[in-house]
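# Descriptive structure summary
If you want the building blocks of each chain, they are given just below.
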Amino acid sequence: MSTARLGGHAALVEDLYGRGLLDETWRAVWHAVPREPFIPRQAWRQTPTACEPLTTEAERLALIHSDEPVVIQIDDGEPDGPGIATSSNSQPSMVARMLRLLEVESGQRVLEIGTASGYVAALLSRRLGDSAVYSVEIDPGLAHHAAAVLRAAGYRPNLACADGEWGWPDQAPFDRIIATCALRTVPHSLVQQLVPNGVLVAPVARDFWSGAVVQLTTDGSGIAAGRFQGGASYMPMRSHRSADPLPVDQSSCRAAPTSVDPRELLTLGFALYAGARLPAVRMVHADRNDGAQVWLQDQDGCAATAVTGESSHEYGARSLWREVERVHQEYIALGSPEARDFGLTVTARGHQVWLHHPERIIEPAPVREPAQ
């Protein structure tokens, strides 16, 4: 259902302002940069099961003037694909949140990873000036579209068609970096391209069910750290897409006792904790009328499933459901911390998720074999 309001773009901006997502400066910027010119004529609405094409102008404008994402590419632009969204103009409230977290100031230089429609680059150009904005897009078709609509709207930021995982080293350092695609891990190459006390804002797509926005600050020595700032759902950077897991051996199915309702696993705080304790374990869920169903799987094909009010089942050599229940018990014993209680540190050696302060690192849990 569309959340469009009467009054079009102006009403959308005032709604964001009324919700505290825009300050006075950003409010003026958003009013000056309408969303509609950046959306291609061919666009889609994302539903829980498919991408539905927008077939009329009224339908297109209603979605554009709502607080919803607009899909602008499916199947990487290839014809006759399954219809999977691969690029979008993000939900306006999410864009506003991330720009607020970016904490830009006049005179600063900003790098955007993922130009897509060009809309965020236009907002940044209006706020900071064209020469201060750099934006990288890996897809040639999207890069061409963004360059054309930005020029037509009167903006000329610095644009490149390249893999954003590597940033734009020739133009570094930057004061701020924002990613508008989800990262599995924050590339250290981006941290290296920030000035001391520079800020990086990015959605991070963890294996364990969740996506979250992280706000990191560099210390000038190649280390960036900061807290998670709530949930986010973004399409993954192309080089960070998850590989398909190995097939599950259905013949190894066995029942496992269940003491946790799967619904209790569906909080961002638990997902961040479990993602650190159970690295490379993937969890997806489906809502049911009377609860939820979750499916867990690791990279080796071990799996587990559980449904509210029913017993769970495990597959393969690993007691995956019992591991999750033990990790959930740990989480409860910690006081069920919220997402903003967790943080991330990025160094040349990798990532560390922590709780409350950077010294309290969450280490992976030992893998347990199934009981005989």
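Let us look at the structure shown here. In this text, all values refer to a predicted model and were calculated from it rather than measured experimentally. (Residues numbered from 1 in each chain as written. Predicted model: local features only at pLDDT ≥ 70, side-chain atom pairs only at ≥ 80, totals over all residues. Heavy atoms only, no water.)

### Quick word on the sheet that holds strand 13 (residues 282-288)
Worth spelling out the cut-off: We call two strands paired when DSSP finds no fewer than two bridges between them. A run of H or I in DSSP becomes a helix once it reaches four residues, and a run of E becomes a strand once it reaches two; helices and strands are each numbered from the N terminus. Only the stretch in contact is used when a helix axis is fitted, and all axes are lines through C-alpha atoms; the angle between N-to-C directions ranges over 0 to 180 degrees. Residues count as neighbours in contact if any of their non-hydrogen atoms are within 4.5 Å of one another.
With antiparallel pairing, the five strands of this open sheet are ordered in space as 12-16-15-14-13. The open sheet has two edge strands with one neighbour each: strand 12 (254-256) and strand 13. Going across the sheet, the axis of each strand differs from the next one's by a mean of 20°, ignoring polarity. For strand 13 and strand 14 (residues 291-297), the ladder comprises seven bridges, and the chain directions are antiparallel. Pairing of M283 across the sheet is with L296, part of strand 14. Those strands touched by helix 9 (residues 320-333) are strand 12, strand 14, strand 15 (303-307) and strand 16 (312-315), and its axis lies near 115° from that of strand 14.

### Focus: the packing of helix 2 (residues 24-32) against helix 5 (residues 119-128)
Under the convention used in this document: Should an angle lie under 35 degrees it is considered roughly parallel, over 145 roughly antiparallel, and from 65 to 115 roughly perpendicular; all remaining angles are considered oblique. Each helix crossing is assigned a hand: it is left-handed if the near helix lies turned anticlockwise from the far helix by less than a right angle, otherwise right-handed if that turn is clockwise. Gly is put with the polar residues, along with every residue not named as nonpolar or charged; the nonpolar set is Ala, Val, Leu, Ile, Met, Phe, Trp, Tyr, Cys and Pro, and the charged set is Asp, Glu, Lys and Arg.
Direction vectors running N to C along helix 2 and helix 5 enclose 125°, while the axes themselves pass 9 Å from each other. Compared by their axis directions, helix 2 and helix 5 come out oblique. Crossing of helix 2 against helix 5: the hand is right-handed. Facing T25, W26, V29, W30 and A32 of helix 2, the residues of helix 5 in contact are Y119, L123, L124, R126 and R127. For the contact of helix 2 with helix 5, the per-class residue count stands at seven nonpolar, one polar and two charged.

### A closer look at the pairing of strand 7 (residues 158-161)
Operational definition: For the handedness criterion, the strands are oriented away from the viewer, and a crossover whose path from the first strand over the helix to the second runs clockwise is classed as right-handed.
Pairing analysis gives four bridges linking strand 6 (residues 133-137) to strand 7, with the strands arranged parallel. Its bridge partner lying in strand 7, S135 is registered against L159. Read as a crossover between parallel neighbours, the route from strand 6 over helix 6 (residues 140-152) to strand 7 is right-handed.

### A look at helix 5
This is how the line gets drawn: Burial classification: accessible surface area is computed with a 1.4 Å probe over protein chains only, and a residue below 20% of its type maximum counts as buried, one above 50% as exposed, and the rest as partly exposed.
Within helix 5, nine of the 10 residues are buried, which leaves the element mostly enclosed by the surrounding structure. Taken residue by residue, helix 5 has Y119, V120, A121, A122, L123, L124, S125, R127 and L128 as its buried positions. Downstream of helix 5 by a residue or two, G129 has a phi angle that is positive, lying close to 100°.

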